[in-house]
Amino acid sequence: MRSKEIIIVSALALIDNDKKILLNKRPENKFMSGFWEFPGGKKEKNETPSECLIREIKEEIGINIKDSDLSPITFASHEYDDFSILLLLFSCREWNGILAAKENQELGWFSPLDLYKLELLPADKGLIPYLEELVN
């Protein structure tokens, strides 16, 4: 049996003053387009999870976050047909800059209860209870 590649992904629960969480909808040209997800992305070689997140957030939504403002929440894993995902979820309540969809994705702010109604990526679904506890 061929072992699957394990992809480590850093993801962010960006939380605003109204206790809403930012998600983005995957654009048409990407794998699993149309699904909502936490912003973030794949960790590159020799990059820490927080360095990955800082880089990805700047690339995807145009804001600056600092390592000192990141708090690890939990992790999740999911098996796809050809690879496995290990998703590391962080929260952040402080950032600099103005949010902008840099990759033609839709952005939206949602309460934790709203997340149950969205079509989330499979690895992201199990994270909702942790976010409910975090913001309430």
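I will try to describe carefully the structure that is included in this document. (Residues numbered from 1 in each chain as written. Predicted model: local features only at pLDDT ≥ 70, side-chain atom pairs only at ≥ 80, totals over all residues. Heavy atoms only, no water.)

Glancing now at the sheet that holds strand E3 (residues 36-37). Strand order in the open sheet formed by three strands is E3-E2-E7, and the pairing between neighbours is antiparallel. Strands at the two margins of the open sheet, each flanked by one partner only, are E3 and strand E7 (106-110). Of the strand pairs in this sheet, strand E2 (residues 21-25) and E3 are connected by two bridges, and their pairing is antiparallel. Bridge pairing links Lys25 to Trp36 in E3. (Pairing = 2+ DSSP bridges. Helix = DSSP H or I, 4+ residues; strand = E, 2+ residues; numbered from the N terminus.)

Strand order in the open sheet made by the four strands is E4-E1-E6-E5, with mixed pairing throughout. Strands with a single pairing partner mark the edges of an open sheet, and in this sheet they are strand E4 (40-42) and strand E5 (71-79). The average angle at which neighbouring strand axes cross in this sheet is 20 degrees, direction not considered. In the sheet, strand E1 (residues 5-14) pairs with E4 via three bridges, with the strands oriented antiparallel. Bridge pairing links Ser10 to Gly41 in E4. Along the sheet, helix H4 (residues 128-135) makes contact with E1, E5 and strand E6 (83-92), crossing E5 at roughly 165 degrees. (Axes fitted to C-alpha atoms, helices over the stretch in contact; angles between N-to-C directions. Contact = heavy atoms within 4.5 Å.)

By themselves, these are just geometric observations and shouldn't be taken as functional.
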